[in-house]
Amino acid sequence: QVHLVESGGGLVQPGGSLRLSCTASGTVFGFYGLGWYRQAPGKQRELVASIMNADNTNYADSVKGRFTISRDNAKNTVYLQMNSLKPEDTAVYYCSAHHRITTEDYWGQGTQLTVSS
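So, how was this worked out
- Residues numbered from 1 in each chain as written.
- Predicted model: local features only at pLDDT ≥ 70, side-chain atom pairs only at ≥ 80, totals over all residues.
- Heavy atoms only, no water.
- Helix = DSSP H or I, 4+ residues; strand = E, 2+ residues; numbered from the N terminus.
- Rg over C-alpha atoms; globule rule 2.2 N^0.38 Å.
- Buried < 20%, exposed > 50% of the residue type's maximum accessible area, 1.4 Å probe, protein only.
- Contact = heavy atoms within 4.5 Å.
- Polar contact = N/O pair within 3.5 Å; in protein donor to acceptor, adjacent residues only side chain to side chain.

A. Highlighting the overall build of the protein chain. Assigned secondary structure in the protein chain consists of zero helices and 11 strands. Start at the N end of the protein chain and walk to the C end: the helices and strands fall as β-β-β-β-β-β-β-β-β-β-β. The C-alpha atoms of the protein chain give a radius of gyration of 14 Å, which matches the 13 Å a tight globule of 117 residues would have. The principal-axis extent of the C-alpha atoms belonging to the protein chain is close to 40 × 25 × 25 Å. Looking at the protein chain as a whole, 42% of its 117 residues qualify as buried. Of the contacts formed within the protein chain by residues at least 6 apart in sequence, a portion of 56% connects residues at least 24 apart.

Now the structure itself:
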């Protein structure tokens, strides 16, 4: 069984920074593409950032230049560094692992980010 556990969410003031982490057990991240999604109340879940390997990343236009996704395969962990946070970043953030061959998908439980004064 593959389990993803997230941490790092919380309450941050506008302009602040926070780093989310997601650690997997039951597998090794080398076989997976990884992504961070978010869902705000009343809105569709959207892809924030993805990483296939250290040299292949993609970002939503709304977070380009502010967020950075990275992975540490030795630790089975994916990170999302979030800088210059805005109130519109407020959402539940989910990490996802997608197997490159079998196309199996796994999801974390979600972690709440609230950006507010």
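Moving on, there is more to tell.
B. The arrangement of the side chain of arginine 38 in detail. Take arginine 38: it is sitting in strand 4 (residues 32–39). Owing to a relative accessible area of 6%, arginine 38 belongs among the buried residues under this scheme. Separated by 3.0 Å, the side chains of arginine 38 and aspartate 89 make a polar contact. Looking at arginine 38, its side chain comes within polar contact range of the side chain of tyrosine 93, at 2.9 Å. Sequence-distant contacts of arginine 38, defined by excluding residues within four places in its chain, comprise Gln44, Arg45, Glu46, Val48, Ser62, Val63, Phe67, Glu88, Asp89, Ala91, Val92 and Tyr93.

C. Main features of the environment of glutamine 44. Tracing the backbone through its elements, the reader meets glutamine 44 in the loop between strand 4 and strand 5 (46–53). A relative accessible area of 70% means that glutamine 44 is categorised as exposed.

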